Amino acid sequence: MLHILFVCTGNTCRSPMAEGLLRKLARERGVDLEVRSAGVSAIAGTSVSRHAAAILRDEGVNELTTSSQLSEALVSWADLVLTLTGGHKRHVLQYFPNAVSKTYTLKEFAEEEDGVGRDLQELDSLYASAELEISLGGEPNAADLQRIIEIRQRIPSFDISDPFGGTRDDYEIAAAEIRTALHKLLDKLEVPRF
């Protein structure tokens, strides 16, 4: 069984919507997986935001979770860590560099193009090397830092819009982005390529 962890900021909007929607869609399509979510700045036990909860209920998702702080245990549990933005992905790689081979943004993993995929793999490796060097008290290689800048300038945005504090419409937009990416994710998971 595949274990998927969604990561956003507070674990009250985007990642709980992704968790609940993927659980429902996977069940409908007969894909066997386990899903959890966490936040890089979550306060454990916080309820899902009211708009996110309403959207999930409208989708027939009634099992709402409370927020969890991102932890080593959750990252270790996951076979696949899917973040909702590039910033969340960088956070995961900064604190859990060993997760580099299994960490992607949701859109990046769902819509991966060959050229962009190669750039992202190189970028992730460069970030992980830089973080390791810093953690050992050294300085990142200047050529690697320049290469990071070059790659980042040509990679499209894979962020899911942040509805936090917004209207129900803002949450609907984020949910639609998530839903689209989840359908593509499930298409990939149904094909034996993972």
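Notes on the structure in this doc start here.

Definitions and limits used
Residues numbered from 1 in each chain as written. Predicted model: local features only at pLDDT ≥ 70, side-chain atom pairs only at ≥ 80, totals over all residues. Heavy atoms only, no water. Salt bridge = Lys/Arg side-chain N within 4 Å of Asp/Glu carboxyl O. Helix = DSSP H or I, 4+ residues; strand = E, 2+ residues; numbered from the N terminus. Buried < 20%, exposed > 50% of the residue type's maximum accessible area, 1.4 Å probe, protein only. Pairing = 2+ DSSP bridges. Core = buried A, V, L, I, M, F, W, Y, C linked by side-chain atoms within 4.5 Å. Contact = heavy atoms within 4.5 Å. Axes fitted to C-alpha atoms, helices over the stretch in contact; angles between N-to-C directions.

So, on to the pattern of salt bridges. Counted according to the given criterion, the structure contains 17 salt bridges. The closest approach of N and O atoms between R179 and E59, which form a salt bridge, is 2.8 Å. Here R179, found in helix α8 (residues 168–190), pairs with E59, found in the loop between α2 (50–58) and α3 (72–77); they are 120 residues apart in sequence, far enough to count as distant. Close ionic contact of E150 with R147 constitutes a salt bridge, the shortest N to O distance being 3.3 Å. With E150 and R147 both in helix α7 (residues 142–154), this residue pair falls 3 residues apart, about one helical turn. Relative accessible area serves as the criterion here: at 32%, E150 is assigned to the partly exposed category. Looking at R147, the relative accessible area reads 25%, which means it is partly exposed. Connected through shared salt-bridge partners, K24, E28, E59 and R179 make up one network.

With respect to burial, strand β1 (residues 2–8) is a largely interior element, 7 of its 7 residues being buried. The two faces of β1 match: L2, I4, F6 and C8 on one face and H3, L5 and V7 on the other face are all buried. Examined bridge by bridge, β1 and strand β2 (residues 33–39) share 7 bridges and lie parallel to one another. In the strand pairing of β2, L5 is matched with R36.

Once that is clear, we can look at the nonpolar core. Formed by 37 residues in total, the largest nonpolar core has its most connected members in I4, F6, L33 and L185. Of all elements in the fold, only β1, α1 (14–29), β2, α2, β3 (80–83), α5 (106–111) and α8 reach the threshold of two or more residues within this core. Considering each element in turn, this core owes the most residues, 9 residues, to α8. Ignoring sequence-local partners within four residues, the contact set of F6 consists of S15, A18, E19, L22, V35, R36, S37, A38, L82, L84, L106 and L182. In terms of nonpolar packing, the next biggest core, distinct from the first, is built from 13 residues, L70, V75, V92 and F96 among them.

This brings us to the sheet that holds β1. The strands that make up a sheet are held in pairs by hydrogen bonds between backbone atoms, and each pair lies either parallel or antiparallel. Strand order in this open sheet of 4 strands is β2-β1-β3-β4, and the pairing throughout is parallel. Edge positions in the open sheet fall to β2 and β4 (103–105), since each of these has one partner strand only. On average, each strand axis in the sheet is inclined to that of its neighbour by 25°, with strand direction left out of account. Along the sheet, α1 makes contact with β1 and β2, crossing β2 at roughly 175°. The sheet strands contacting helix α4 (residues 86–95) are β1, β3 and β4, and the helix crosses β4 at an angle near 170°.

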